[in-house]
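Chains, contacts and geometry: an overview
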Amino acid sequence: MELLLQSLAIVTAVVLVASLAVLGRGNRAIRFLADAVGPEVRPLATVSIIVAARNEADTIEPALRSLLAQDHPELEIIVVNDRSTDATGEVLARLQREFPVLKTVTVTTLPPGWLGKNHAHWVGAQAATGDFLLFTDADIIMHPSAVRRAVAFALAEGLDHVAVGPEIPLPGFWLTAFLGTFTMCFSMFVRPWRARDPRSTVFVGIGAFNLVRRTAYERAGTHAAIRMRPDDDMKLGKIIKLAGGRQELVAGKGLLSVTWYHSLGELIRGLEKNTFAGMDYNLALAVAGPLTLFLLFVWPCLALLVTSGWVWQVNLLNVGLGLALYADNSLRYGVRWRHVPLFPLTVLLMMFIVWNATLRTLLGRGITWRGTYYSLAELKANRV
């Protein structure tokens, strides 16, 4: 047992030091959209913004008003009302009277073999006329220059896909602390800064803001290729990359924001639908991933109670390295120093979320999303 504790302490230290170096360099390689292009750039490309909306009466109006205020000169906005049962339709009708340029498409029936949101985005894309298609959600607030800057960036860099990470202001101490852990795990698992390297197999996508060239979208097979993927934003990035498209993730600080979730309960329920899918329904990964997080970031804290001598000192170093990794990754995303001591506890929450989503998907033999049940068999059949 003593040899095991010694080996674990040393291996953890090596992994954490390497992670600090890799994530620190990688995260700093992600550019900010606000700094990437000048404010006066006027790109010559038409853009169609496609918003998938289902029961979004509480959030869709401010989101659409931010889209209608965009200063891009060649813009159309298409909202797909996907079988809403609340007042979404009434809100859209009122806004359309105020802004005749707003286009709406109503979906009343979901065809077999489609997830609702994916189908809504596909329907919107069929109605769009732009050179670029911007797939976004019905709760995203954008600065008036956000679309113009993103298109200018894509044209200047020769990109087929620009994914913009939003600011995520969250209510509550624990939600904000968890955001830091979520973004850190995303960076460790995905390594999104490598997506811009055409030689790398790494891909990226952000549901809040996926801007793609129409030609690249069609070449990749459109949303029809990912019709049953709950992780549609990431898989859209994957099929574009596989089809030879060039992509990059940029930070949307100051240009893009979304609240995401309003409570821990909503967070846990919201991530049930796509967490297991994000691991490609790989049960071994769903078990091993959280255990790895535990060994790296929680066990060193517990080991301080059961070790002594130089092993205790190494574990204390590992605690510090873990907190440093969290702070270095997370302070740029709205997390504050006061959240840093909560990191080991938010890792436990992350473990619970992954295992809860996996278990519920397996026991329920599927997921329920946007009011519709989808079997695990049909979800797994759409492998990308």
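What you see as residue numbers is a count from 1 along each chain, following the sequence as written. For this predicted model, a pLDDT threshold of at least 70 governs which residues receive local features, and a threshold of 80 or more governs which side-chain atom pairs are given and counted, while totals over whole chains, interfaces and linings are taken from all residues. With hydrogens and water excluded, all non-hydrogen atoms of the structure serve as input to the side-chain values.

The chain has the name Glycosyltransferase, probably involved in cell wall biogenesis in an unreviewed UniProt entry, where Chloracidobacterium thermophilum is given as its organism.

This next bit is on the packing of helix α1 (residues 2–28) against helix α7 (residues 173–190). Interaxial angle, 0 to 180 degrees, is taken between N-to-C directions of lines fitted to C-alpha atoms, where a helix line uses only the stretch in contact. Secondary structure elements are defined from DSSP: runs of H or I of at least 4 residues count as helices, runs of E of at least 2 residues count as strands, and each element is numbered from the N terminus. Where α1 meets α7, the closest approach of the two axes is 11 Å, and the angle between their N-to-C directions is 95°. Judged on the interaxial angle alone, α7 and α1 are roughly perpendicular. Where α1 abuts α7, its residues Ser 19, Leu 23 and Asn 27 lie against Met 184, Ser 187 and Met 188. Of the residues assigned to the contact of α1 with α7, the class counts are three nonpolar, three polar and no charged. Each angle receives one of four descriptions, namely roughly parallel if under 35 degrees, roughly antiparallel if over 145, roughly perpendicular if within 65 to 115, and oblique otherwise. Contact between two residues is taken to exist if any of their heavy atoms lie within 4.5 Å; hydrogens are not considered. Side-chain classes follow a simple rule in which Ala, Val, Leu, Ile, Met, Phe, Trp, Tyr, Cys and Pro form the nonpolar group, Asp, Glu, Lys and Arg form the charged group, and the remainder, Gly included, forms the polar group.

Let's shift gears to the pattern of salt bridges. Between Lys or Arg on one side and Asp or Glu on the other, a salt bridge is scored when a side-chain nitrogen of the former is within 4 Å of a carboxyl oxygen of the latter. Per the counting criterion, the structure on display carries 19 salt bridges. One salt bridge in this structure joins Asp 197 and Arg 199, with 3.2 Å as the shortest N-O distance. Each residue is assigned to one of three classes by its accessible area relative to the maximum for its type, calculated with a 1.4 Å probe on protein chains only: buried under 20%, partly exposed between the two thresholds, exposed over 50%. Classification of Asp 197 by relative accessible area gives partly exposed; the value is 24%. Classification of Arg 199 as exposed rests on a relative accessible area of 76%. Shared partners join several salt bridges into a network, and the residues in it are Arg 31, Glu 157, Arg 196 and Glu 248.

On to helix α9 (residues 232–242). Within α9, nine of the 11 residues are buried, which leaves the element mostly enclosed by the surrounding structure. Those residues of α9 that fall on the buried side of the exposure criterion are Asp 232, Met 234, Lys 235, Leu 236, Gly 237, Lys 238, Ile 239, Ile 240 and Lys 241.

Moving on: the packing of α7 against helix α14 (residues 343–363). Remark: α7 packs on α14, axes separated minimally by 9 Å, with the N-to-C direction vectors making an angle of 70°. In terms of their interaxial angle, α7 and α14 are classed as roughly perpendicular. Here α7 contributes Trp 174, Ala 177, Phe 178, Thr 181, Phe 182, Met 184 and Cys 185 to the contact with α14, which in turn contributes Phe 343, Leu 345, Thr 346, Val 347, Leu 349, Met 350 and Ile 353. In terms of residue class, the contact of α7 with α14 is made up of 12 nonpolar, two polar and no charged.

A few words on the side chain of His 119. Note on placement: His 119 falls in helix α5 (residues 116–127). Overall, the relative accessible area of 6% leaves His 119 in the buried class. The contact partners of His 119, leaving out residues within four places of it in the chain, are Val 107, Thr 109, Leu 110, Pro 111 and Trp 114.

Attention now goes to the side chain of Asn 356. Looking at the element boundaries, Asn 356 is found in helix α14. Leave out the neighbours within four places in its chain, and Asn 356 touches Ile 268 and Glu 272.

The next subject is a nonpolar patch on the surface. For patches, a residue must show more than 30% relative accessible area and have no salt bridge; joins then use 9 Å for like charges and 5 Å for nonpolar side chains, namely Val, Leu, Ile, Met, Phe, Trp and Tyr. Computed with a 1.4 Å probe, the accessible areas rest on the Shrake-Rupley method; for each residue, only the protein chains presented here act as cover. Taken together, the side chains of Phe 173, Trp 174, Leu 264, Leu 345 and Leu 348 make up a nonpolar region of the molecular surface, amounting to roughly 420 Å² of accessible area. For the nonpolar patch, the secondary-structure elements that each account for two or more residues are α7 and α14. Along the chain, Leu 264 turns up in helix α10 (residues 264–270).

Between its terminal C-alpha atoms α1 stretches 39 Å, which fits the 39 Å expected from 27 residues at 1.5 Å a residue. Listed as buried for α1 are Leu 5, Gln 6, Ala 9, Thr 12, Ala 13, Leu 16, Ser 19, Leu 23, Gly 24, Gly 26 and Asn 27. Along its buried surface, α1 packs onto α7, α12 (283–303) and α13 (309–330). In a helix, the anticipated span is given by 1.5 Å times the number of residues less one.

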